[in-house]
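Close look at the chain arrangement
Spelled out from the first residue to the last, the chains are:
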Amino acid sequence: MILGLYGRMVAAGEWRDYGISSLRDVAIFSVFRRTAENPLYRIEKRPKLRLKQGQYAVIGMDGQVLKRGNDLRQVLRVLERKLIRAVE
């Protein structure tokens, strides 16, 4: 699901690079506009939070949690809204 969203965002010209980090208690998928920048968004999976806040989270560039939950598809919807634009 994450790579499908990534592919659509690359095709739209929004994202250009990604990085994957696998730590002991968290897996992180980071997306970048340019390689040398800080990530635009981080998609994190923290299994320890599945019974509390939800194991998936989308975190913005400033560290703010944009969406959290146990269903990855629902959590990723916050990023899919970026693809919807008004056509003039």
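Scroll up for the structure.
Summarised in this report is the structure supplied together with it. Bear in mind the structure is a predicted one, so any value in this text is a computation, not a measurement.

Cut-off values and rules
- Residues numbered from 1 in each chain as written.
- Predicted model: local features only at pLDDT ≥ 70, side-chain atom pairs only at ≥ 80, totals over all residues.
- Heavy atoms only, no water.
- Salt bridge = Lys/Arg side-chain N within 4 Å of Asp/Glu carboxyl O.
- Buried < 20%, exposed > 50% of the residue type's maximum accessible area, 1.4 Å probe, protein only.
- Helix = DSSP H or I, 4+ residues; strand = E, 2+ residues; numbered from the N terminus.
- Arc of directions from axis to C-beta.
- Contact = heavy atoms within 4.5 Å.
- Phe/Tyr/Trp six-rings, centres within 6.5 Å; stacked < 30°, edge-to-face > 60°.
- Pairing = 2+ DSSP bridges.

Looking now at the pattern of salt bridges. A complete count under the given rule lists two salt bridges for this structure. Notably, a salt bridge pairs arginine 42 with glutamate 44, separated by 3.1 Å at the nearest N-O pair. We note a salt bridge from glutamate 44 to arginine 46, for which the minimum N-O separation is 3.1 Å. Owing to a relative accessible area of 7%, glutamate 44 belongs among the buried residues under this scheme.

Now for helix 1 (residues 2-11). Leu5, Tyr6 and Met9 are the residues of helix 1 that are buried. Take helix 1 and look down its axis: the buried residues cluster within an arc of 100 degrees, on one side only. In this structure, helix 1 carries Leu3 and Ala11 as exposed residues pointing more than 90 degrees from its buried face. On its buried face, helix 1 sits against strand 1 (17-22), strand 2 (27-32) and helix 2 (72-80). Note on helix 1: the residue one or two positions beyond its end, glycine 13, has a positive phi of about 85 degrees.

This part is about the side chain of serine 30. Mapping serine 30 onto the fold places it in strand 2. When sequence neighbours within four positions are dropped, the list of residues in contact with serine 30 reads Asp17, Tyr18, Gly19, Pro39, Tyr41 and Arg42.

This part covers the packing of aromatic side chains. In this structure the tally under the stated criterion is five aromatic pairs. Ring geometry for tyrosine 6 and phenylalanine 29: centres 6.2 Å apart, planes at 80 degrees, overall edge-to-face. You can see tyrosine 6 sitting in helix 1 and its partner phenylalanine 29 sitting in strand 2, a full 23 residues away along the chain. A relative accessible area of 12% places tyrosine 6 in the buried class. Classification of phenylalanine 29 by relative accessible area gives buried; the value is 7%. Pairwise contacts between aromatic rings join Tyr6, Trp15, Tyr18, Phe29 and Tyr41 into one cluster.

This brings us to the pairing of strand 2. Burial analysis of strand 2 places five of its six residues in the buried class, the great majority of the element. Relative to strand 2, strand 1 runs antiparallel, the two sharing six bridges. Bridge assignment links serine 22 to a residue of strand 2, and that residue is alanine 27. The hairpin turn running from strand 1 into strand 2, its antiparallel successor, is four residues long. Sheet topology places strand 2 next to strand 3 (residues 41-45); five bridges connect them, and they run antiparallel. Residue pairing across strands places isoleucine 28 opposite glutamate 44, the latter belonging to strand 3.

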